[in-house]
Amino acid sequence: VDTDETLETLEEEATLAAEEVPPLVGVVMGSQSDWPTMSAARDVLVAMGVPHEIRIVSAHRTPDRLFAYAEAAADRGLRAIIAGAGGAAHLPGMLAAKTRVPVLGVPVRSKALSGLDSLLSIVQMPRGVPVGTLAIGEAGAANAALLAVAMLATTDPELAERLEILREAQTEGVAEEPHDD
Ligand code: RP5
């Protein structure tokens, strides 16, 4: 069983018109340059049929946009924010400082330090302002979305079922033995 095929099937089966439904998950990133990484989160949310929105919000270049986004997040009904940033990655932490909506941070791979700077910037939050930090890069972005789905699934049995299907496909997709193509 191919996990990608299962994702595609789930996507096809998703009946909701995401644009007409208020978003439950916000995917934000510090720069357009983060999109090749953060689109992995979008792919999972689309496949799982989770209403979401995608925005560029920079802690450094658009601080007012960041504050406005974070301040409105809870009242707008967002249940999780996935925030990706690279380098001096303040975005997830600043969002977490301004909203009680759970923030999942994705360290984007940086040119200078391959994302280690991003990771440490995001993971080393002081006590009291948590950011759930994922792995560097695309895997982290996809996992952030899966974690958001799991959080939503605690109160959404239909979504829980879809997550179970995906996990089963993933398990069944692992061969007993390796093969030469
Ligand atoms: C961060 O700086 C962004 O999240 C991005 O990862 C990094 C580089 O941004 P650009 O210079 O490519 O716009 O704020």
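Residues numbered from 1 in each chain as written. Predicted model: local features only at pLDDT ≥ 70, side-chain atom pairs only at ≥ 80, totals over all residues.

- The name an unreviewed UniProt entry assigns to the protein is N5-carboxyaminoimidazole ribonucleotide mutase, from the organism Albimonas pacifica.

### Quick look at the overall build of the protein
Then comes step 1: Counting its regular elements, the protein contains 7 helices and 5 strands.
Then comes step 2: Reading the secondary structure of the protein in the N-to-C direction produces α-β-α-β-α-β-α-β-α-β-α-α.
Then comes step 3: The dimensions of the protein, computed from C-alpha atoms along their principal axes, are 45 × 40 × 30 Å.
Then comes step 4: For the protein, buried positions account for 36% of its 181 residues.
Then comes step 5: Excluding contacts between residues fewer than 6 apart, the proportion of contacts in the protein whose partners are at least 24 apart in sequence is 71%. (Helix = DSSP H or I, 4+ residues; strand = E, 2+ residues; numbered from the N terminus. Buried ≥ 20, exposed ≤ 12 C-beta atoms within 10 Å, placed from the backbone. Contact = placed C-beta atoms within 7 Å.)

### Considering the nonpolar core
Most often, soluble globular proteins keep nonpolar side chains buried together rather than apart.
Then comes step 1: Formed by 44 residues in total, the largest nonpolar core has its most connected members in Ala41, Ile82, Leu91 and Ala145.
Then comes step 2: Within the residue set of this core, elements represented by two or more residues are strand 1 (25–29), helix 2 (35–47), helix 3 (63–73), strand 3 (80–86), helix 4 (91–98), strand 4 (103–108), helix 5 (116–123) and helix 6 (138–153).
Then comes step 3: For this core, the leading source of residues is helix 6, giving 6 residues. (Core = buried A, V, L, I, M, F, W, Y, C linked by C-beta atoms within 7 Å.)

### Some thoughts on the site of the ligand
Then comes step 1: The ligand sits among Gly30, Ser31, Ser33, Asp34, Ser58, His60, Ala85, Gly86, Gly87 and Val108.
Then comes step 2: Of the residues assigned to the shell around the ligand, the class counts are 2 nonpolar, 7 polar and 1 charged. (Near = placed C-beta within 6 Å. Nonpolar A, V, L, I, M, F, W, Y, C, P; charged D, E, K, R; others polar.)

### Description of the confidence of the model for the protein
Then comes step 1: On average, residues of the protein score 94 in pLDDT, and 96% of them are at 70 or above.
Then comes step 2: If you check the scores for this complex, the pTM reads 0.91 and the ipTM reads 0.97. (pLDDT = per-residue confidence, 0-100.)

### Side note on the pairing of strand 1
Then comes step 1: Within strand 1, 5 of the 5 residues are buried, which leaves it mostly tucked inside the rest of the structure.
Then comes step 2: Here strand 1 shows a buried face lined by Val25, Val27 and Met29 and a second buried face lined by Gly26 and Val28.
Then comes step 3: What joins strand 1 to strand 2 (residues 52–56) is helix 2, and the crossover it makes is right-handed.
Then comes step 4: Here strand 1 runs beside strand 3; their pairing, made up of 5 bridges, is parallel. Within the sheet, the bridge partner assigned to Val25 lies in strand 3 and is Ala80. (Right-handed = clockwise from strand over helix to strand, strands pointing away. Pairing = 2+ DSSP bridges.)

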